[in-house]
Amino acid sequence: MLVKRHYSWDASRMPSSVRTFTYNSKTPTNKLIADVPIGGLFAARICADHFEKVIVVEPEAWTFTDEARQPANFDTREVKTSTGIYNTWNHKRSRVYQYSAVHFYQALLLRFARRLFPGFDSIAKSWGDLIRPLDVTLCLSGHLMRPHSYVETIIAPRRNIEPLIRKVVLEGTPEIEIIHGTVTRYQLSSDGSVNVVNVRLGNGENKDFSNCALAVDCTGIAQSGVKLLSRVIPTFPSDLRQTYTADIVYSTLEYPVPPHFDEDLRKLNVPGMEVDGMKSGVLTFSASPDIDNRLASLLRCDANRVVFTMGGWAVDMPVNLQEIREFVKGIKNQNHVPDYFYKVLDLLEPVQHLGTVYEARVANCYKVDYARAAKVLPRNFVALGDSSMRVNPRFGQGVSKCAMGAICLDSVLRQMPPSNRAFSKSFFEKLTTRTTAVWDSTRLSDYAAPGTNPIPGETHETGRLMRWYNDQLIKHVENDRDLAQTLHHVQNFLAPSTDMLSPAIVARVLWGAFTGKA
Ligand SMILES: Cc1cc2nc3c(=O)[nH]c(=O)nc-3n(C[C@H](O)[C@H](O)[C@H](O)COP(=O)(O)OP(=O)(O)OC[C@H]3O[C@@H](n4cnc5c(N)ncnc54)[C@H](O)[C@@H]3O)c2cc1C
């Protein structure tokens, strides 16, 4: 993506509470971001407030169609496995592997979208998405979480959220131009900054974009930034990427909501139906892998569908209601998989032939430690989203992580222009501060699974203290509603994870651990 010329920041574009900042740069400059969703769309929207022209490079032709800016309307295709047959979404977003996987989002994403896109809630609702309290009946290793209240989130499948974001970003921001192509090379200027970006266009031609002001890598797991920079910077460290492998699997199974579903849930005494006679989730059972390698949840997918997520570490992936029953019976802590869960499965029997399945395998997670390479990085290069970090999707944090990257970018752009030598360094320091907890909590949890191969230099023992503390802490989420509320905010990225280490909470957890009283 290229941006031409910084321009005076227009305070009317953002809520008045956002601090305004004006650049005084008059030099014509360009900027490039490689590839769009979802991090790239967020970054483009942020950059449109700071630059005159934003050029986005997207390799996937389908994203230029009208269909890619509308609620998804895909048909299905049959998949034959060794044990049977199921239907899956026949989507057209071939470069995004997880396009038809269930996606779950934290409250931060909704707050971010509301501030950037006027009228976001009503557009989302008109697409059939839900905006409602995050009451998912979260059961952590057998302890039902009971905060005082639930924050609001957006509930929409990935195949709807991506086109929605594409529409609100591209149709509301004339500064952004999208080009069909792939970034193939960066050329650096004498001060080491990215000056020219070479793009292979969709028609096969090569085109150079010169006077680049800021290059933003948002290529997801392709992580093009690492490859492009290592080709032009001889001293670029070869060990910036920390990777561990893991046997992370899960299937998501979507079903249309049968008639009277919410009424029937109420008759089954599903807890928490009192909010508005509906629930965002019937059950979300999650445990540390040293307690149980199975995870299970049944959530709303949007206004008209529900979705099961069944999986964990090195487990089978159910692909129909009967296999879900068997899978859930295998969960160790049966006391906390309530009977009503099985009855809800019965309610879905009449629509089981309409179900769709997606099987996910994630073999590795990584972090590119750009902050460590600050001295050799071009001052005008940043990376966000999965191009800088990919975590276990079990925790559903990837899209909010893109929003965090965009917030960091906005914050640094308010402090200095990318011509400042400290720009890239400041960005990656901020990003590290914001996302380290995401990386540490997911990685150290995955280390408890025997099939995980830790990063070189770390072992399965790494993080044992953190896991012990978490195991003790979650024993309080049922009875200590203040503690549950704090955790609910931390889980939704509305409070820092260090809040779970406040003196009051540490004292509570240690007292519980040593007295055996929750
Ligand atoms: C199975 C699964 C389930 C998930 N569930 C959730 C969830 O519940 N909640 C959540 O928040 N997150 C979830 N995630 C993570 C989330 O999907 C990602 O974190 C998020 O999409 C990252 O956005 P991004 O913009 O960085 O990358 P992407 O969305 O992957 O976009 C990458 C872009 O790069 C382009 N591209 C691809 N290959 C190349 C290439 N070789 N060269 C150039 N460009 C390329 C693509 O066209 C695309 O435009 C899940 C991930 C997986 C795998």
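Naming follows an unreviewed UniProt entry, where the chain appears as FAD/NAD(P)-binding domain-containing protein of Auricularia subglabra.

Participant: Describe the domain arrangement of the chain, listing the residues and the values that go with them.
Facilitator: With domains assigned, the chain is organised as domain 1 (32-67 + 165-243 + 367-447), domain 2 (74-104 + 132-157 + 245-362) and domain 3 (464-515). One C-alpha centre belongs to domain 1, the other to domain 3; they are set 34 Å apart. Between domain 1 and domain 3, the contact holds 10 residues from the first and 4 residues from the second. With both sides pooled, the region where domain 1 packs onto domain 3 buries about 500 Å², and carbon together with sulfur makes up 76% of that total. Summed over the shared surface of domain 1 and domain 3, the number is 0 salt bridges. Going through the elements one at a time, helix 9 (398-415) and helix 10 (423-446) are the ones with two or more residues in the side of domain 1 that touches domain 3. With 6 residues, helix 10 is the single largest residue contributor to the side of domain 1 that touches domain 3. Residues of the side of domain 1 that touches domain 3, tallied by class, amount to 5 nonpolar, 4 polar and 1 charged.

Participant: I'd like to hear about helix 2 (residues 107-116), residue by residue, with values.
Facilitator: Summarising burial for helix 2: 7 of the 10 residues are buried, a large majority. Buried residues belonging to helix 2 abut helix 1 (39-48), helix 3 (120-126), strand 5 (130-133), strand 8 (152-155) and helix 9.

Participant: Lay out the pairing of strand 9 (residues 176-188) in plain terms, naming residues and giving numbers.
Facilitator: When strand 2 (residues 54-58) meets strand 9, the two strands line up parallel, connected through 5 bridges. Looking across to strand 9, one finds that valine 56 is bridged to isoleucine 178. Note: strand 9 against strand 10 (residues 194-201), 7 bridges, orientation antiparallel. Paired with arginine 185 across the two strands is asparagine 198, which belongs to strand 10. The hairpin formed by strand 9 and strand 10 contains 5 residues between the paired strands, and glycine 192 there has a positive phi angle of roughly 85 degrees.

Participant: An account of a nonpolar patch on the surface is needed here, citing residue identities and associated values.
Facilitator: Judged by side-chain polarity, Leu465, Trp468, Leu510 and Phe514 come together as a nonpolar surface patch covering roughly 450 Å² of accessible area. Put simply, the parts of the chain that give the nonpolar patch at least two residues each are helix 11 (464-473) and helix 13 (503-515). Within the element layout of this structure, phenylalanine 514 appears in helix 13. Relative accessible area serves as the criterion here: at 67%, phenylalanine 514 is assigned to the exposed category.

Participant: So what's going on with the confidence of the model for the chain? Residues and values would help.
Facilitator: Residues of the chain with pLDDT of at least 70 account for 93%, and the chain-wide mean is 90. Note that residues 2-30 has pLDDT below 50 and, in this model, 93 contacts with residues that lie over four places away or in other chains.

Participant: Hey, could you go over the packing of helix 1 against helix 9 for me, with residue numbers and the actual values?
Facilitator: Between two packed helices, what matters for the description is the angle formed by their axes and the separation of those axes. With their axes 9 Å apart at the nearest point, helix 1 and helix 9 run at an angle of 25 degrees to one another. With respect to their mutual orientation, helix 1 and helix 9 come out roughly parallel. You can see that helix 1 and helix 9 cross each other, and the crossing is right-handed. Contact residues: helix 1 offers Gly39, Phe42, Ala43, Ile46 and Cys47, while helix 9 offers Val399, Cys402, Ala403, Ala406, Leu409, Asp410 and Leu413.

Participant: Account for a positive patch on the surface, with residues named and values stated.
Facilitator: Where like charges cluster on the molecular surface, the positive patch consists of Arg185, Lys227, Arg231 and Arg241. Considering the arrangement of structural elements, one finds arginine 241 in strand 13 (residues 241-256). When its relative accessible area of 37% is taken as the criterion, arginine 241 is described as partly exposed.

Participant: Tell me what's going on with the site of the ligand, and back it up with residues and numbers.
Facilitator: Close to the ligand lie 30 residues, the nearest being Pro37, Ile38, Gln98, Phe104 and Arg158. For the ligand, an oxygen atom lies 2.8 Å from a polar atom in the side chain of histidine 103. Within the contact set of the ligand, an oxygen atom lies 3.4 Å away from a backbone nitrogen or oxygen of glycine 396. For the ligand, whose free accessible area comes to 1000 Å², the fraction covered by protein is 91%. Tallying contributions element by element places helix 9 first for the shell around the ligand, with 3 residues. Its residues assigned to classes, the shell around the ligand shows 14 nonpolar, 10 polar and 6 charged. Here the shell around the ligand spans two domains, since at least three of its residues come from each of domain 1 (32-67 + 165-243 + 367-447) and domain 2 (74-104 + 132-157 + 245-362).

Participant: If you had to explain the side chain of arginine 390 to someone new, which residues and values would you point to?
Facilitator: Within the secondary structure, arginine 390 is located in strand 19 (residues 389-390). Buried within the structure, arginine 390 lacks any salt-bridge partner; its nearest side chain of opposite charge belongs to aspartate 386, at an N-O separation of 4.8 Å. A polar contact is formed between the side chain of arginine 390 and the backbone oxygen of asparagine 364, at a distance of 3.0 Å. With residues near it in sequence (within four places) discarded, arginine 390 still touches Ile221, Val362, Asn364, Cys365, Tyr366 and Trp439.

Participant: Hey, could you go over the side chain of aspartate 292 for me, with residue numbers and the actual values?
Facilitator: Its location among the elements puts aspartate 292 in the loop between strand 14 (281-286) and strand 15 (294-300). No salt bridge is formed by the buried aspartate 292. Its closest oppositely charged neighbour is lysine 332, at 4.7 Å. One polar contact links the side chain of aspartate 292 to the main-chain amide nitrogen of lysine 332, over a distance of 2.8 Å. Once you skip the residues sitting within four places of it in the chain, aspartate 292 turns out to touch Phe285, Ala287, Trp313, Ile331, Lys332 and Asn333.

Cut-offs used in this document
- Residues numbered from 1 in each chain as written.
- Predicted model: local features only at pLDDT ≥ 70, side-chain atom pairs only at ≥ 80, totals over all residues.
- Heavy atoms only, no water.
- Domains from an automatic or database assignment.
- Contact = heavy atoms within 4.5 Å.
- Buried area = accessible area lost by both parts, 1.4 Å probe.
- Salt bridge = Lys/Arg side-chain N within 4 Å of Asp/Glu carboxyl O.
- Helix = DSSP H or I, 4+ residues; strand = E, 2+ residues; numbered from the N terminus.
- Nonpolar A, V, L, I, M, F, W, Y, C, P; charged D, E, K, R; others polar.
- Buried < 20%, exposed > 50% of the residue type's maximum accessible area, 1.4 Å probe, protein only.
- Pairing = 2+ DSSP bridges.
- Patch = residues over 30% accessible without salt bridge, like charges linked within 9 Å, V, L, I, M, F, W, Y side chains within 5 Å.
- Areas by Shrake-Rupley, 256 points an atom, 1.4 Å probe, with all protein chains shown as cover.
- pLDDT = per-residue confidence, 0-100.
- Axes fitted to C-alpha atoms, helices over the stretch in contact; angles between N-to-C directions.
- Parallel < 35°, antiparallel > 145°, perpendicular 65-115°, else oblique.
- Left-handed = near helix turned anticlockwise from the far one by under 90°.
- Lys, Arg positive; Asp, Glu negative; His and termini not counted.
- Charge placed at Lys NZ, Arg CZ, Asp CG, Glu CD.
- Near = heavy atom within 4 Å.
- Polar contact = N/O pair within 3.5 Å; in protein donor to acceptor, adjacent residues only side chain to side chain.

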